[in-house]
Amino acid sequence: MNLRFVEAFYWVASLKSVTRAAEKLFLTQSAMSSRVAALEEELGVLLLDRRDKHFKLTVAGTRFLIYAKRMLELQRQLKTEMGSGGPLEVSIRLGAIESVLHSWLIPWVEQLRKDNPLLELELTVESTPVLLDQIRRGTLDAVFAALPASAEGIRSQALTPMEMVFVGNSKIHRKRRYASEDFAGTDILTFQRGSQPHVYLLDTLRQAQVEPRCVHTISSISAMVQLVQGGFGVATLPRLAVQRMLAFPDLRALACDIALRPLPIHVSYREDPSSPAMEAIVRSALSFIEAQQPPEPKPRKART
């Protein structure tokens, strides 16, 4: 049995679309259909119900999907056991929100490329709702977003939340520490309306009984930074992103009495029983993020 045909069927069944499966395997739609048809001919049963416009597996197709996954997992185990241990050919369609992009994504990708010289990357930067929709549809293989994706064949794992801070212009915002009332009548910039940073900010201001002049919602960190640099107002940004923006010398994280809620980050990725690459990539990201965390302070020894 040709395992390429089995792999074609697995992705058609998992993504519920011949078109999206063809994109995943970098094949034409006709080539993907031919592989599934050849597998059906060899098995002597129909695996896909083609009588309806809506995607549907036959009873035989549902049963064979279980075996297809096992066969591909066995193939992966054999390659791992008998392989030469050389570098993996990694092709990944990756999605990330702006906060991840400007905080640690670029240095991690650089490290990933060093560890996997054959890396081929397709990167999409979008909002969390768009990324979750794309991974459910199968147009992305893995996403770093503020919420986990929940769908059959997708795994999710929570990462270390991002510390959020108020950021101002050092030439304008010179106080050593800001009290909550200092933000009254101030323009505050945050992420797009309905995003977690936006919702968290409004809740935090409400609890502190602070009424800013206006809360501006902006989807681009670069745009927010340039506005702050120009003296437009104060922004809420990940601390790591601010630390990496050395091209903007006037940026300053403001010490203040208002504590912003950390931004939760989740990695969601599609299971791939035929390749260990996805699990390796996720492990790489987890290790890289853990290495970026500041060490916990050592407890002071009691004086005797």
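Refer to the structure presented above.
Being a predicted model, the structure only gives us computed values, none of them experimental.

(A) Broad picture of the overall build of the protein chain. The helix and strand inventory of the protein chain stands at 10 helices and 10 strands. Along the first, second and third principal axes, the C-alpha atoms of the protein chain reach 75 × 55 × 40 Å. The long-range fraction of contacts in the protein chain, counting pairs at least 24 apart against all pairs at least 6 apart in sequence, stands at 75%. Of the accessible surface of the protein chain, which amounts to about 17,100 Å², a share of 52% is contributed by carbon and sulfur atoms.

(B) Region of interest: unusual backbone geometry. In the Ramachandran plot, K16 falls in the positive-phi region, its phi being about 55 degrees despite a non-glycine side chain. Positive phi, normally seen in glycine, also occurs at F26, with a value near 55 degrees. Relative to the helices and strands, F26 is located in the loop between α2 (18–24) and α3 (29–43).

(C) Fine view of empty space enclosed by the protein. Per the counting criterion, the structure on display carries one cavity of 30 Å³ or more. By volume, the largest cavity is sized at about 60 Å³. Top contributing element to the lining of the largest cavity by residue count: helix α7 (residues 196–207), with four residues. Classifying every residue of the lining of the largest cavity gives five nonpolar, two polar and one charged.

(D) Focus on the sheet that holds strand β1 (residues 91–96). Read across the sheet, five strands follow the order β2-β1-β3-β10-β4 without closing on themselves; strand pairing throughout is mixed. Across the chains shown, the open sheet's two edge strands, defined by having one partner strand only, are β2 (120–125) and β4 (154–158). When strand polarity is set aside, the average angle formed by the axes of neighbouring strands in this sheet is 15 degrees. Across four bridges, the pairing between strand β3 (residues 142–145) and strand β10 (residues 266–270) is antiparallel.

(E) The packing of helix α5 (residues 98–115) against helix α10 (residues 277–292), seen in detail. Between α5 and α10, the shortest axis-to-axis distance is 10 Å and the interhelical angle comes to 125 degrees. Compared by their axis directions, α5 and α10 come out oblique. Relative to α10, α5 is oriented so that their crossing is right-handed. Residues W104, P107, W108, Q111 and L112 of α5 form the contact with α10, whose own contacting residues are I281, S284, A285, F288 and I289. Looking at the contact of α5 with α10 residue by residue, the classes come out as eight nonpolar, two polar and no charged.

(F) View of the sheet that holds strand β7 (residues 214–217). The sheet built from five strands is open, its strands ordered β7-β6-β8-β5-β9 with mixed pairing. Two strands bound the open sheet, and with one partner strand each, they are β7 and β9 (251–254). Taken pair by pair, the neighbouring strands of this sheet meet at an average axis angle of 35 degrees, ignoring direction. Its contacts with the sheet place helix α8 (residues 221–229) against β5 (164–169), β6 (187–190), β8 (234–238) and β9, and it is angled at close to 140 degrees to β8.

(G) Geometry of a nonpolar patch on the surface. Residues M1, L43 and V45 make up a contiguous nonpolar surface patch of roughly 230 Å² in combined accessible area. Summarising the element assignment, M1 is placed in the segment before α1 (3–15).

(H) Inspection of the pairing of β3 at higher detail. The alternating pattern of β3 places A142 and F144 and V143 and A145 on opposite faces, both of which are buried. Note that β1 and β3 share three bridges and pair parallel. Across the sheet, residue A96 finds its bridge partner in β3, namely F144.

(I) Quick peek at the state of the cysteines. On inspection of all chains with the given rule, the structure shows zero disulfides. C214 carries a free sulfur, and the closest cysteine sulfur to it, the one in C256, is 19 Å from it. On the basis of relative accessibility, which here comes to 31%, the residue C214 falls in the partly exposed class. Of the residues examined, C256 reaches a relative accessible area of 14% and is grouped as buried.

(J) Focus on the packing of aromatic side chains. Enumeration according to the criterion identifies seven aromatic pairs in this entry. Judged by centre distance (5.6 Å) and plane angle (80 degrees), the rings of W108 and F144 are edge-to-face. On the criterion of sequence distance, the pair formed by W108 in helix α5 and F144 in strand β3 is long-range, its members being 36 residues apart. Like W108, the residue F144 is buried in the burial classification. Over the face of the ring belonging to W11 we find K24, whose NZ or CZ atom lies 4.8 Å from the ring centre. Residue placement shows R70 over the ring face of Y67; its charged tip is 5.5 Å from the ring centre.

Calculation criteria
Residues numbered from 1 in each chain as written. Predicted model: local features only at pLDDT ≥ 70, side-chain atom pairs only at ≥ 80, totals over all residues. Heavy atoms only, no water. Helix = DSSP H or I, 4+ residues; strand = E, 2+ residues; numbered from the N terminus. Contact = heavy atoms within 4.5 Å. Areas by Shrake-Rupley, 256 points an atom, 1.4 Å probe, with all protein chains shown as cover. 1 Å grid on protein atoms, 1.4 Å probe; cavity = no way out; pocket = protein on both sides within 12 Å on 5 of 7 lines; lining within 4 Å. Points joined across faces, edges and corners; volume = space filled by probe spheres on them. Nonpolar A, V, L, I, M, F, W, Y, C, P; charged D, E, K, R; others polar. Pairing = 2+ DSSP bridges. Axes fitted to C-alpha atoms, helices over the stretch in contact; angles between N-to-C directions. Parallel < 35°, antiparallel > 145°, perpendicular 65-115°, else oblique. Left-handed = near helix turned anticlockwise from the far one by under 90°. Patch = residues over 30% accessible without salt bridge, like charges linked within 9 Å, V, L, I, M, F, W, Y side chains within 5 Å. Salt bridge = Lys/Arg side-chain N within 4 Å of Asp/Glu carboxyl O. Buried < 20%, exposed > 50% of the residue type's maximum accessible area, 1.4 Å probe, protein only. Disulfide = S-S within 2.5 Å. Phe/Tyr/Trp six-rings, centres within 6.5 Å; stacked < 30°, edge-to-face > 60°. Lys NZ or Arg CZ within 6 Å of the ring centre and 35° of its normal.

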